[in-house]
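Commentary on secondary and tertiary structure
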Protein chains: 2
Amino acid sequence: MQIILLSGGSGKRLWPLSNEIRAKQFIKIFSAENGRESMVQRVLRQIRETLSAPVTISTSRIQKKILRKYVGAGVEISVEPCRRNTFPAIALTAAYLRDVQKISLEEPLVICPVDPYVEDEYFTAFEEMAALAGTSNLVLMGIAPTYPSEKYGYILPETKEKVSGVLEFKEKPDAATAQKYIDAGGLWNGGVFACKLSYVLEKSRELLGAASYSELLENYSALPDISFDYAVVEHEKNIKVIRYGGAWKDLGTWNTFTEVMDTAAIGDVQLDGTCQNSHVVNETDMPIIALGLKNIVVAASPDGILIADKHQSSYLKPLAENIHRQIHFAEKSWGTYKVIDVGDESLTIKVTLTAGNKMRYHSHNFRREVWTIISGSGRVVLDGEIKTVAVGDVVEIPVGAKHTLIAETNLKAIEVQMGRDISVEDKILWED
Amino acid sequence: MQIILLSGGSGKRLWPLSNEIRAKQFIKIFSAENGRESMVQRVLRQIRETLSAPVTISTSRIQKKILRKYVGAGVEISVEPCRRNTFPAIALTAAYLRDVQKISLEEPLVICPVDPYVEDEYFTAFEEMAALAGTSNLVLMGIAPTYPSEKYGYILPETKEKVSGVLEFKEKPDAATAQKYIDAGGLWNGGVFACKLSYVLEKSRELLGAASYSELLENYSALPDISFDYAVVEHEKNIKVIRYGGAWKDLGTWNTFTEVMDTAAIGDVQLDGTCQNSHVVNETDMPIIALGLKNIVVAASPDGILIADKHQSSYLKPLAENIHRQIHFAEKSWGTYKVIDVGDESLTIKVTLTAGNKMRYHSHNFRREVWTIISGSGRVVLDGEIKTVAVGDVVEIPVGAKHTLIAETNLKAIEVQMGRDISVEDKILWED
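Residues numbered from 1 in each chain as written. Chains lettered and ligands numbered in written order. Predicted model: local features only at pLDDT ≥ 70, side-chain atom pairs only at ≥ 80, totals over all residues. Heavy atoms only, no water.

With respect to the overall build of chain A
The condition that has to hold: Helical segments are the DSSP runs of H or I of at least four residues, strand segments are the runs of E of at least two, and each set is numbered from the N terminus. Between buried and exposed lies partly exposed: a residue is buried under 20% and exposed over 50% of the maximum accessible area for its type, with that area taken using a 1.4 Å probe on protein chains only. Working rule for contacts: check all heavy atoms of both residues, and any pair within 4.5 Å makes them a contact. Method for areas: the Shrake-Rupley scheme with a 1.4 Å probe, in which residue coverage is limited to the protein chains shown. This count recognises Lys and Arg as positive and Asp and Glu as negative, with His and chain-terminal groups excluded. One atom stands in for each charge, and that atom is NZ of Lys, CZ of Arg, CG of Asp or CD of Glu.
Across its full length, chain A holds ten helices and 30 strands. Relative to its 432 residues, chain A shows a buried fraction of 56%. Of all intrachain contacts in chain A linking residues separated by at least 6 positions in sequence, the fraction that spans at least 24 positions is 66%. Surface accessibility of chain A: about 18,000 Å² in total, with carbon and sulfur atoms responsible for 48%. Averaged over its 48 positive side-chain charges, chain A has a centre that lies 1 Å from the centre of its 56 negative ones.

So this is what it looks like as structure tokens:
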């Protein structure tokens, strides 16, 4: 068995903690032995504790480095050249397993989102799904619904047995229709599929016109933006569903997100004794005081502050999409950056590099920069000249000068950017 | 008639917008012709629109420069050498009017807090009070109560006439007792007194042992920390009260503060259509989104974030007092400073000087600093050497070096402070 985890895109439904760079699976909400744990880390830990199957994560180019930082070594990462829907992503990953990893065509795959909040039983079911993949073309996991949700697709099984054939698939319904599906034994489609590796490659050849890794990679941007459900699952006749009755949550809104928090507050927060069913996640360095809140979620990051009634929090997306300012905090493979001041023709950033890391060697056409080292030591390369730097050193980088910063210890610097057209686009990369 | 406004101390009851440096009277909450207006500005405008009497504001040394910035010229400011209660402050101001301003002993004074939220009628009543000051030693304003408040002292008048003698004063009661006072015709004591200048000086001589400006100033720290009410008003037999029935609010808690806001949101805020009776004041540059809030106040500044049920907001003080970090934003006579990053052995500040202003010439024993000019131009003095600076210039200030920054235009700089013991106390002032 091979497990493919789909590390989905970014979104604004958990603004200000998720954004174009940071997807929700990277938010650290769970208490763990060493500090806090994110969804992707929790899922990988659960897989390791319940199964011995190798894991490959399919993700976008933009997420690759941050993902590697979160999952460490021991997991394969298959990178989409650009964002497409789940069918191209699954096809590319299957072709990668076949052509690069030389996995047998007979090998069962279990494909699953990277961030379900579930019990271990969910992952042990993967073994059963993999075994059934020899008996049908496709095996789905059906989640036992807990309420008539309008957010999920429904699978109508032929019988009420644990493993059953599939009568029909239903798109996201309204609540009344959802209740009818539930009364008829309907299950949520949680996006978990099992099949043989050969099956994905056959469908890829048939529907995308190619099944080799090199071809798919080369033509990726021309592939249709289509989901695996829509392109494959809903047309398959030889299909089974296996019922999962354990806890399952899709942490897609602040409301569900706070349901799985194991503490009412994360970060510098004081909640008074009259707060009820309220949660505060504070990723800023500003203190928060909360008094008398009922059913409220508060989330604060350098990108903004959300205060929402929990139920109403599911209507966040359009308001978050009104906000167009640049991202103020991002994790990078080499460390983090945080925008700490925005001026008319300046931008001030706190750059944190972890020991042994460096920025890429680069230059800017429209801005000069000043670095002041506030912690640690390392080396600066400026137009080919190498210089060691430590706390208190100042480096002035003229417009056009090639530069990089290399951290020997953990290193922090204040970077002041100055110019008329400051933009993340103004970055020319050079060979070291 | 001379008006004395008492500009009270700072407090934490409107945290994070009021703090040790910024008192609540400086928070800009009202829409005005040119931007926004604070309480002290509103009160001075109302006085100018209704009366022609000169105004003297009694304040602390720490507030003097910021107060001058808010009130402009045309108002006298009497500065307490250190904070004492209202009796020493009133005595010192009266002595200042007599000895420095040469005001007649017969001149009526009206003494009033700097920040009541009232209608113009309140100020026109000052004329009547001043006229009555010839007929009794002391004239008080009694505020017609709107509910049995436990927060105010009560005045029990002899009659229900507009002007009456006083039967008795009552300390802050519980709600039931307050209701009894109200049923008996009791009025709130809003801290407005009228009397002749000579009366204050007599009381000062009698109770504080001095009545000249120089003596009071010199011995100020030794004067008792006692209120005018307690020391003088409650012992006076020849006293009248004049009834004021118009709107009156003491903006002492977030709940009352939001009652007078003329807009639901100040700053970068999106409130969705399901918010009710909720107010957001955002003084940060981070966007705020509020969804489905009912009876909630949100206040955000670089010093912190408050989210409170409006009723519960009156219990803020003890929680705000738990926060001991340094103030992150302050207005100065020369401009503003804002802490934008706090490191283990560094502090980064954005300094904004308005054109024509300068810092005081100073040095530090325990930190070096780096200034990067991000906007405007001016001059730097570094150990006696003068240098012009403009955008992009970097100035390195070693430990012990005397330095100042002089703004020719409006000027902004990022100041990185580095050292083991960074503290506002580490500042040695020098003659220019």
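Structure shown, so let's carry the discussion forward.
Digging into the side chain of B:Ser227
Residue and element names in this part refer to chain B. Stated precisely, the cut-off is as follows: In protein, a polar contact requires one atom able to donate a hydrogen and another able to accept it; more generally it is a pair of N or O atoms within 3.5 Å, and residues adjacent in sequence count only if both atoms are side-chain atoms.
Here Ser227 shows up in the loop between helix 7 (213-218) and helix 8 (228-231). One polar contact links the side chain of Ser227 to the main-chain amide nitrogen of Tyr230, over a distance of 3.0 Å. Discounting chain neighbours no more than four positions away, the residues touching Ser227 are Asn85, Thr86 and Phe87.

Digging into the relation of the copies chain A and chain B
Here the two chain copies are tied together by a rotation about an axis and a shift along that axis. Quick reminder of the rule: Only residues with pLDDT of at least 70 in both copies count here: their C-alpha atoms drive the least-squares fit that superposes the copies.
With an RMSD of 0.1 Å, the fit of chain A onto chain B corresponds to turning through 179 degrees and sliding 0.1 Å along the axis. As the rotation angle and translation indicate, the two copies are arranged about a two-fold axis. In terms of C-alpha distance to the rotation axis, chain A has A:Ile340 as its closest residue, with the C-alpha 2.9 Å off the axis.

Some thoughts on the environment of B:Arg379
Residue and element names in this part refer to chain B. Relative to the helices and strands, Arg379 is located in strand 25 (residues 377-382). Relative accessible area serves as the criterion here: at 29%, Arg379 is assigned to the partly exposed category. The contact partners of Arg379, leaving out residues within four places of it in the chain, are Ile386, Lys387, Thr388, Val389, Thr404, Leu405, Ile406 and Glu408. A polar side-chain atom of Arg379 sits 2.8 Å from a polar atom in the side chain of Glu408.

A closer look at the pattern of salt bridges
To be explicit about the condition: Each salt bridge in this description consists of a side-chain nitrogen of Lys or Arg and a carboxyl oxygen of Asp or Glu lying within 4 Å of one another.
Under the defined criterion, the tally for this structure stands at 34 salt bridges over all chains. For A:Lys350, the salt bridge identified is with B:Asp341, shortest N-O distance 3.0 Å. Taken as a pair, A:Lys350 in strand 22 (residues 346-353) and B:Asp341 in strand 21 (residues 335-342) lie in two separate chains rather than in one. What makes A:Lys350 buried here is its relative accessible area of 12%.

A short note on helix 3 (residues 86-99) of chain A
Residue and element names in this part refer to chain A. Just so we agree on the cut-off: Helix span, as expected, comes to 1.5 Å for every residue beyond the first.
The end-to-end C-alpha distance of helix 3, which contains 14 residues, comes to 20 Å, matching closely the 20 Å that a straight helix rising 1.5 Å per residue would cover. The buried fraction of helix 3 amounts to eleven of the 14 residues, a majority that puts the element mostly inside the structure. Looking at helix 3, one finds that the buried residues are Phe87, Pro88, Ala89, Ile90, Ala91, Leu92, Thr93, Ala94, Ala95, Tyr96 and Leu97.

A few points about the environment of A:Tyr96
Residue and element names in this part refer to chain A. Turning to its location among the elements, Tyr96 is positioned in helix 3. Relative accessible area serves as the criterion here: at 10%, Tyr96 is assigned to the buried category. Discounting residues that sit within four places of it in the chain, Tyr96 has contacts with Thr56, Glu76, Ile77, Ser78, Gln101 and Tyr213.

Re helix 2 (residues 61-71) of chain A
All names here are of chain A. Filter applied, for reference: Note: the arc covers the axis-to-C-beta directions of the helix.
Taken together, the buried positions of helix 2 are Gln63, Ile66, Leu67, Tyr70 and Val71. What you see down the axis of helix 2 is that its buried residues fit within an arc of 130 degrees, all on one side. In the core, the buried residues of helix 2 are packed alongside strand 2 (28-32), strand 3 (35-38), helix 1 (39-50), strand 4 (55-60), strand 5 (76-80) and strand 20 (329-332). Among the residues trailing helix 2, Gly72 stands out with phi positive, at a value near 70 degrees.

A word on the packing of helix 3 of chain A against helix 6 (residues 197-208) of chain A
Residue and element names in this part refer to chain A. Under the convention used in this document: Only C-alpha atoms enter the line fits that serve as axes; for helices the fit covers just the stretch in contact. Angles between N-to-C directions range over 0 to 180 degrees. Each angle gets one of four labels, with under 35 degrees taken as roughly parallel, over 145 as roughly antiparallel, 65 to 115 as roughly perpendicular, and the rest as oblique. In this scheme, a crossing is called left-handed if the near helix is turned counterclockwise away from the far one by less than a right angle; it is called right-handed if the turn is clockwise. Throughout this entry, Asp, Glu, Lys and Arg are counted as charged residues, while Ala, Val, Leu, Ile, Met, Phe, Trp, Tyr, Cys and Pro are counted as nonpolar. The remaining residues, Gly among them, count as polar.
Two elements in contact, helix 3 and helix 6, have axes whose closest approach is 9 Å; the angle formed by their N-to-C orientations is 125 degrees. By the angle class used here, helix 3 and helix 6 are oblique. Our pair here, helix 3 against helix 6, has a crossing hand that is left-handed. Facing helix 3, whose interface residues are Phe87, Pro88, Ile90, Ala91, Ala94, Ala95 and Arg98, helix 6 presents Leu197, Val200, Leu201, Lys203, Ser204, Leu207 and Leu208. Across the contact of helix 3 with helix 6, the residue classes break down as eleven nonpolar, one polar and two charged.

Looking at the interface of chain A and chain B
For interface size, the figure often reported is the accessible area lost on association. Defined as follows: Accessible area that two parts lose when put together, evaluated with a 1.4 Å probe and summed over both, is termed the buried area.
The interface is formed by 53 residues belonging to chain A together with 53 residues belonging to chain B. Across the chain A to chain B interface the summed buried area is about 4,300 Å²; carbon plus sulfur atoms make up 66%. In this structure, the connection of chain A to chain B is made through two salt bridges. Counting the contacts that link chain A with chain B gives 22 residue pairs in polar contact (both at pLDDT 80 or more).

Notes on the nonpolar core
What tends to happen in soluble globular proteins is that the nonpolar side chains get buried as a cluster. Under the convention used in this document: Here, nonpolar core means buried Ala, Val, Leu, Ile, Met, Phe, Trp, Tyr and Cys residues that are tied together by side-chain atoms lying within 4.5 Å of each other.
A:Leu5, A:Tyr122, A:Phe126 and A:Trp254 are the most contacted members of the largest nonpolar core, which totals 70 residues. The leading source of residues in this core is helix 4 (residues 120-132) of chain A, at seven residues. Contact partners of A:Trp254, with chain neighbours within four places excluded, come to A:Arg13, A:Leu14, A:Trp15, A:Leu17, A:Val281, A:Val297, A:Ala299, A:Leu306, A:Ser313 and A:Leu316. Residues B:Ile3, B:Trp15, B:Ala53 and B:Ile66 belong to the second largest nonpolar core, which totals 69 residues.

Notes on unusual backbone geometry
Note: most peptide bonds trans; most residues except glycine with negative phi. Of the consecutive residues A:Trp15 and A:Pro16, the connecting peptide bond is found in the cis state with omega at 0 degrees. Turning to its location among the elements, A:Pro16 is positioned in the loop between strand 1 (2-6) and strand 2. For A:Asn277, which is not glycine, the phi torsion reads 45 degrees and is therefore positive. With respect to the element layout, A:Asn277 can be found in the loop between strand 15 (269-271) and strand 16 (279-282). Notably, B:Asp383 is not glycine yet its phi reads approximately 50 degrees, a positive angle.

Observations concerning the sheet that holds strand 15 of chain A
The criterion, for reference: One bridge is not enough; two strands pair if DSSP finds at least two bridges between them.
In space, the six strands of this open sheet follow the order 15(A)-17(A)-19(B)-18(B)-16(B)-14(B), with mixed pairing throughout. Looking at strand neighbours, the two that pair on one side only are strand 15 of chain A together with strand 14 (265-266) of chain B, the edges of this open sheet. Of the strand pairs in this sheet, strand 15 of chain A and strand 17 (residues 288-291) of chain A are connected by three bridges, and their pairing is parallel. Its bridge partner lying in strand 17 of chain A, A:Leu271 is registered against A:Ala290.

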